[in-house]
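# Residue-level structural notes
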Amino acid sequence: MRNYDRESQDTADRKYAYTFDLDVMHPFMLRSFERFYGGPSVLELGSFRGDFTRHLAERFSDITCVEGSPAAAAAARASLGGRARIIEGTFEDVTLDRRFDNIMLVHVLEHLDDPVGVLDRVNREWLSETGRLFVVCPNANAPSRQIAVRMGLISHNAAVTPAEREHGHRVTYSLDTLERDARAGGLTVIHRSGIFFKALANFQWDRLLATDIISPEYLEGCYQLGEVYPDLCSSIFLVCERGAR
């Protein structure tokens, strides 16, 4: 049985949540999503401690979160107060009593033992008739990973490293394999892209962000370049609608 509390803890060689993820990637993700939003309700599958949820709360007033780690769910409740309904449980077993206009799977799908099965539940049970799923994953083909391959640090772009596996990763997606699983789950992909051109590892970005070397203009340039070269981004994402049921 998986211990989601342990998987979400920092380890000696790898953090679970980097400053780069929280301060750079989260705002750019929301910027990429906003033109595709549906109605007023949102379901966040995998809220962790509520860091991304706080951003959602600036846009949505009807927020439901499902989190498998009891410790993270408790931290999210304490952080968010009454701004979101936090349900502790696994996506495979949880029962939800409604459908949602927007569903978020942000850096979560790669952690799942049965990603296609969860995507199928999203399609059949949780998306409203006009709802949209936003699924974001770390990119196997990010330049930082391709450089790591050539340095001999990982065997191939889509490798799951021991540190990643310790944090619960089961797969490293590229755009083609992410689309494959979305279609296998019955969903219709209406948009695909990448977020933020990235040639450095997260720990390197965290060190740079603590200095004055990186300007807001540079970050904006990396975001815009990512829209030109989605396959070379830090994260890849799909926007999906309900498919055949």
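Residues numbered from 1 in each chain as written. Predicted model: local features only at pLDDT ≥ 70, side-chain atom pairs only at ≥ 80, totals over all residues. Heavy atoms only, no water.

Glancing now at the nonpolar core. Counting residues in each nonpolar core, the largest one holds 35 residues, and the members touching the most others are Met-29, Phe-33, Phe-52, Leu-56, Met-104, Ile-195 and Phe-196. In terms of residue count, helix α2 (residues 19-33) provides more of this core than any other element does, 7 residues in total. Contact partners of Phe-196, with chain neighbours within four places excluded, come to Phe-20, Val-24, Met-25, Phe-28, Trp-205, Leu-219, Cys-222, Tyr-223, Gly-226, Leu-232, Cys-233 and Ser-234. Core analysis: the second largest hydrophobic core is formed by 30 residues, Phe-91, Val-122, Leu-178 and Leu-187 among them. (Core = buried A, V, L, I, M, F, W, Y, C linked by side-chain atoms within 4.5 Å. Buried < 20%, exposed > 50% of the residue type's maximum accessible area, 1.4 Å probe, protein only. Helix = DSSP H or I, 4+ residues; strand = E, 2+ residues; numbered from the N terminus. Contact = heavy atoms within 4.5 Å.)

The strand order across the open sheet formed by 7 strands is β3-β2-β1-β4-β5-β7-β6, and the pairing between neighbours is mixed. Two strands lie at the open edges of the sheet, namely β3 (85-88) and β6 (188-197), each paired on one side alone. Between one strand axis and the next, the sheet turns by 15° as a mean value, whatever way the strands run. Across 8 bridges, β6 lies against strand β7 (residues 233-241) in antiparallel orientation. Paired with Thr-188 across the strands is Glu-241, a residue of β7. The strands touched by α2 are β4 (100-106), β5 (127-138), β6 and β7; relative to β6, the strand with the most contacts, the crossing angle is about 140°. Strands in contact with helix α4 (residues 70-80) are β2 (62-67) and β3; relative to β3, the strand with the most contacts, it is inclined by about 170°. (Pairing = 2+ DSSP bridges. Axes fitted to C-alpha atoms, helices over the stretch in contact; angles between N-to-C directions.)

Another aspect to go through is the packing of aromatic side chains. The relative placement of two aromatic rings is captured by the distance of their centres and the angle of their planes. In the structure shown here, the tally under the stated rule is 10 aromatic pairs. Note on Phe-28 and Tyr-223: the rings are 4.6 Å apart at their centroids and 10° apart in plane angle, and the pair reads as stacked. Of this pair, Phe-28 sits in helix α2 while Tyr-223 sits in helix α10 (residues 216-228); the two residues are 195 residues apart in sequence, bridging distant segments of the chain. Both residues of the pair, Phe-28 and Tyr-223, belong to the buried class. Here the aromatic rings of Phe-196 and Trp-205 are separated by 5.4 Å at their centres, their planes lie at 70°, and the arrangement is edge-to-face. With respect to burial, Phe-196 and Trp-205 carry one shared label: buried. (Phe/Tyr/Trp six-rings, centres within 6.5 Å; stacked < 30°, edge-to-face > 60°.)

The next subject is the pairing of β4. In terms of burial, β4 is largely enclosed, as 7 of its 7 residues are buried. Pairing of strand β1 (residues 41-45) with β4 involves 3 bridges; the strand directions are parallel. If you follow Glu-44 over to β4, its bridge partner there is Met-104. Of the pairings in the sheet, the one linking β4 to β5 comprises 6 bridges and is parallel in character. Residue pairing for β5: Phe-100 is matched across the bridge by Leu-127.

For the rest of this paragraph, the subject is a nonpolar patch on the surface. A cluster of nonpolar side chains, namely Ile-147, Met-151 and Leu-153, defines an oily patch on the protein surface of about 330 Å² accessible area. On the secondary structure map, Met-151 appears in the loop between α6 (143-150) and α7 (162-166). (Patch = residues over 30% accessible without salt bridge, like charges linked within 9 Å, V, L, I, M, F, W, Y side chains within 5 Å. Areas by Shrake-Rupley, 256 points an atom, 1.4 Å probe, with all protein chains shown as cover. Salt bridge = Lys/Arg side-chain N within 4 Å of Asp/Glu carboxyl O.)

As a further point, take helix α9 (residues 202-209). Within the span of α9, buried status applies to Asn-202, Trp-205, Asp-206 and Leu-208. Seen end-on, α9 carries its buried residues on one side only, within an arc spanning 165°. (Arc of directions from axis to C-beta.)

The next thing to look at is unusual backbone geometry. Positive phi outside glycine occurs at Phe-48, with the angle close to 50°. Tracing the backbone shows Phe-48 in the loop between β1 and α3 (51-56). Take Phe-48: its relative accessible area is 12%, and that puts it in the buried class. Although it is not a glycine, His-107 sits at a positive phi angle of roughly 55°.

Next up on the list: α2. Note: α-helices contain 3.6 residues per turn, so residues at a spacing of three or four share the same orientation. In this model α2 runs 21 Å from its N-terminal to its C-terminal C-alpha over 15 residues, within 8% of the 21 Å that 1.5 Å per residue would give. Its maximal kink placed at Met-25, α2 deviates by approximately 40°, while the proline Pro-27 follows within four residues. Looking at α2, one finds that the buried residues are Phe-20, Asp-21, Val-24, Met-25, His-26, Phe-28, Met-29, Leu-30, Ser-32 and Phe-33. (Expected span 1.5 Å × (residues − 1). Bend = angle between axes of the 7 residues up to and from the residue.)

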